[in-house]
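Chain residues, written in single-letter form:
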Amino acid sequence: MTPTAPQVIRRLLFILLFIGFTAGIIFYFAIPDKPKAPWDGNPESSLLRLMEGNARFVKGEMRHQGESVERRTALSSEQKPFAVIVSCSDSRVPPELVFDQGLGDLFVIRTAGNLVDSVALGSIEYAVKHLGVKLIVVMGHENCGVIKAFLVKEPEHDYIDKLVDIMSNEPEQVAALTAPGDRIDNCVRANIKHITTLLKTCEPVLMEKYKSGELKITSARYDLDKGTVEITE
Ligand SMILES: [Zn+2]
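Anyway, here's the lowdown on the structure attached to this text. Being a predicted model, the structure only gives us computed values, none of them experimental. (Residues numbered from 1 in each chain as written. Predicted model: local features only at pLDDT ≥ 70, side-chain atom pairs only at ≥ 80, totals over all residues.)

1. Examining the overall build of the chain
Working step 1: Across its full length, the chain carries 10 helices and 5 strands.
Working step 2: Looking at the 233 residues of the chain, the share that counts as buried comes to 29%.
Working step 3: Contacts spanning at least 24 positions in sequence make up 67% of the contacts within the chain whose residues lie at least 6 apart. (Helix = DSSP H or I, 4+ residues; strand = E, 2+ residues; numbered from the N terminus. Buried ≥ 20, exposed ≤ 12 C-beta atoms within 10 Å, placed from the backbone. Contact = placed C-beta atoms within 7 Å.)

2. A look at the nonpolar core
Working step 1: The biggest cluster of nonpolar side chains holds 42 residues, and the ones touching the most others in it are Ala 83, Val 84, Val 86, Ile 136, Val 137, Val 138 and Met 139.
Working step 2: Of all elements in the fold, only strand E1 (83-88), strand E2 (106-111), helix H5 (118-129), strand E3 (135-141), helix H6 (145-152), helix H7 (160-168), helix H9 (183-200) and strand E4 (216-222) reach the threshold of two or more residues within this core.
Working step 3: Looking at which element gives the most residues to this core, the answer is H9, with 6 residues.
Working step 4: Setting aside residues no more than four positions away along its own chain, Val 137 makes contact with Leu 50, Ala 83, Ile 85, Thr 218 and Ala 220. (Core = buried A, V, L, I, M, F, W, Y, C linked by C-beta atoms within 7 Å.)

3. Focus on the sheet that holds E2
Working step 1: Spatial ordering of the open sheet is given by E2-E1-E3-E4-E5, a layout of 5 strands whose pairing is mixed. Each edge of the open sheet is held by one strand with a lone partner, namely E2 and strand E5 (229-231). Averaged over neighbouring strand pairs, the angle between their axes works out to 25° when direction is ignored.
Working step 2: Relative to E5, E4 is paired through 3 bridges, and the arrangement is antiparallel. When the bridges of E5 are listed, Arg 221 appears paired with Glu 230.
Working step 3: Contacts between helix H2 (residues 43-59) and the sheet are confined to E1, E3, E4 and E5, with E3 contributing the most and set at about 35° to the helix.
Working step 4: Strands E1, E3 and E4 of the sheet are contacted by H9, whose axis makes an angle of about 165° with E4. (Pairing = 2+ DSSP bridges. Axes fitted to C-alpha atoms, helices over the stretch in contact; angles between N-to-C directions.)

4. Let's talk about the pairing of E1
Working step 1: Of all 6 residues in E1, 6 are buried; the element is thus mostly enclosed.
Working step 2: As defined by bridge partners, E1 adjoins E2 across 6 bridges and the pair is classed as parallel. Within the sheet, the bridge partner assigned to Ala 83 lies in E2 and is Leu 106.
Working step 3: Taken together, the 4 bridges between E1 and E3 define a ladder with parallel strand orientation. By the bridge assignment, Ser 87 is partnered in E3 with Met 139.

Nothing here speaks to function; it is geometry throughout.
As structure tokens, this is what we get:
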């Protein structure tokens, strides 16, 4: 029996819908590193954005987004970074590369051993209070030179001693000295734990926003060989 015109149209529509649906599925799974959820500005969403960037970095599939002349020009009058990263000055740990982020995305504080003093605290407070950042990541890394200096503890009678002194006053670091396992790695983890706690209890700006849930403060460890960032807290 010859199909009627409406039947032909219905069949054609069905075939088109089927092709469209199948193409959509194939396209969705073919895109590498598609965002799991759109970034909505909240702390968890910001952390996900960082970790997706790190996944691209690990695979060597960086997008290098946010480096254009247009982006640079657009940012000249205002910045709206979505995360503060407190990391080591070590040349192998640049947050913008490790998280594959562009101009205006990250507010970065870098000191040897990712240590935080009053100047660093003021910088972090500024980002949270005036730029509206809702996520802070304290990132230590494998094989940190300052941690090694702390473990050797040979006075050099210079400002490097100051770094070691600060670490020597961290209760978590002292406890890590006698813990089982890898001494350097134990101290790296103890150091970021100490600094994360310091930020969570830093009055008035950080503690208030952290307690209200408006601000997330977390710690991470960067692996030099693999390029991976592990969230430790
Ligand atoms: Zn370091």
